[in-house]
Amino acid sequence: MSEIQNDEHGRPDRPKMFEIKIDRMNYKVSEAVLTGAQLRQLPEPDIGSDRDLFEVVPGGSDVKIEADAKVEMRNGLRFFTAPAQINPGRG
């Protein structure tokens, strides 16, 4: 009847939950796409602005995830955080 019902039933093969990891911690999300800002809110406490968020790319260069970036969810996605600004040691 409504378009929403048709959309929900139009893709029965799509998983309802996605299992991802951030800093080796498991998270389950139901959204098909999350922004960088939404990903940063998953851990408790949230990932602070003093840290950057990266997606692990096996066999390639890891990708920094900006707050407004849209990331398509899939099972097994892995992310890690690193200091946003690394201060060099004193010489």
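Owing to the predicted nature of the structure, the values given are computational and were not obtained by experimental measurement. Numbers given for residues are sequential positions, taken from 1 along each chain in its written order. For this predicted model, a pLDDT threshold of at least 70 governs which residues receive local features, and a threshold of 80 or more governs which side-chain atom pairs are given and counted, while totals over whole chains, interfaces and linings are taken from all residues. Working from all heavy atoms in the structure, the side-chain values ignore hydrogens and water.

Pairs of strands are assigned from DSSP output, requiring at least two bridges between the strands. Under the scheme used here, helices are H or I runs from DSSP no shorter than 4 residues and strands are E runs no shorter than 2 residues, and both carry numbers assigned from the N terminus. Read across the open sheet, the 5 strands follow the order β2-β1-β7-β4-β5; overall the sheet is mixed. Only two strands of the sheet have a single partner each, and these edge strands are β2 (25-29) and β5 (63-64). The sheet contact formed by strand β4 (residues 51-55) and β5 spans 2 bridges and is antiparallel. Across the sheet, the residue bridging to E55 is V63, located in β5.

Glancing now at the side chain of R40. By the element assignment, R40 lies in helix α2 (residues 36-40). Despite its burial, R40 remains without a salt bridge, the nearest opposite charge being carried by D52 at 5.3 Å. We call two residues in contact when some of their heavy atoms are within 4.5 Å. For R40, the residues in contact, after removing those within four places along its chain, are D46, I47, G48, S49, R51, D52 and L53. Burial classification: accessible surface area is computed with a 1.4 Å probe over protein chains only, and a residue below 20% of its type maximum counts as buried, one above 50% as exposed, and the rest as partly exposed. Counting rule for charge: Lys and Arg are taken as positive, Asp and Glu as negative, and neither His nor the chain ends is counted. In what follows, salt bridge is the name for a side-chain nitrogen of Lys or Arg lying within 4 Å of a carboxyl oxygen of Asp or Glu.

Our next topic: the confidence of the model for the protein. Atom-level detail of predicted coordinates should not be read off regions where pLDDT is low. Predictor confidence is given residue by residue as pLDDT, running from a minimum of 0 to a maximum of 100. Overall, the prediction assigns the protein a mean pLDDT of 86, with 79% of residues at 70 or greater. Predicted confidence for residues 1-9 stays below pLDDT 50, and this span has 1 contact to residues more than four positions away or in other chains.

Think of it this way: a Phe, Tyr or Trp ring, Trp meaning its six-membered ring, pairs with another when their centres are within 6.5 Å, and the plane angle makes it stacked under 30 degrees, edge-to-face over 60, tilted otherwise. On inspection of all chains with the given rule, the structure shows 1 aromatic pair. Geometrically, the ring pair formed by F54 and F80 is stacked, given 5.2 Å between the ring centres and 15 degrees between the ring planes. Here F54, found in strand β4, pairs with F80, found in strand β7 (residues 78-83); they are 26 residues apart in sequence, far enough to count as distant.

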